[in-house]
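# Fold and contact review
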Amino acid sequence: MSKLHIKKGDTVVVTAGDNKGEKGKVLSVNVEKQRAVVEGVNLVSKHTRPNTENPKGGIVKKESGIHISNLKVVDGKGKATRIGRKIDEKTGKSVRYSKKTGEVIK
């Protein structure tokens, strides 16, 4: 399995689907299924039983996974961009960079 262009903590924008155009922070990434959970995007209703956290139970809105092909990373200027990888001259390690601006994405 190859590396993904999205990491936990990245700010992304949704490029396709019901939530197209929405921005959010990546909360988690599932590499095997190639899905990411994005804050405030792809909300689903989950029916819960009464428990100690929620004594009444009921319906809870929760984020669900979205396929990474429908996400693009937002660079420092706030624009959606594709991600490339290159070797850093100083450290010799692989770094991610914006294909639009060429700046390194942390």
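Let me sum up the structure you'll find in this document. (Residues numbered from 1 in each chain as written. Predicted model: local features only at pLDDT ≥ 70, side-chain atom pairs only at ≥ 80, totals over all residues. Heavy atoms only, no water.)

### What to know about the sheet that holds strand E10 (residues 94–98)
Taken in spatial order, the three strands make up an open sheet running E9-E10-E11, and their pairing is antiparallel. Lying at the two open borders of the sheet, with one neighbouring strand each, are strand E9 (83–87) and strand E11 (104–105). Direction of pairing for E10 relative to E11: antiparallel, over a ladder of two bridges. The residue of E11 that forms the bridge with Arg-96 is Ile-105. (Pairing = 2+ DSSP bridges. Helix = DSSP H or I, 4+ residues; strand = E, 2+ residues; numbered from the N terminus.)

### Details of the environment of Leu-4
Within the fold, Leu-4 resides in the segment before strand E1 (11–14). Residues Leu-4 and Val-31, 27 residues apart in the sequence, show an inter-C-alpha distance of 7.5 Å.

### With respect to the nonpolar core
Among the nonpolar cores identified, the biggest contains 14 residues, and Ile-6, Val-12, Val-38, Ile-66, Leu-71 and Val-73 are the most heavily contacted of them. Taken together, the elements giving at least two residues each to this core come down to E1, strand E3 (35–38) and strand E7 (71–74). The residues contacting Leu-71, other than those within four sequence positions of it, are His-5, Ile-6, Val-12, Val-13, Val-14, Thr-15, Ala-36, Val-38 and Ile-66. (Core = buried A, V, L, I, M, F, W, Y, C linked by side-chain atoms within 4.5 Å. Buried < 20%, exposed > 50% of the residue type's maximum accessible area, 1.4 Å probe, protein only. Contact = heavy atoms within 4.5 Å.)

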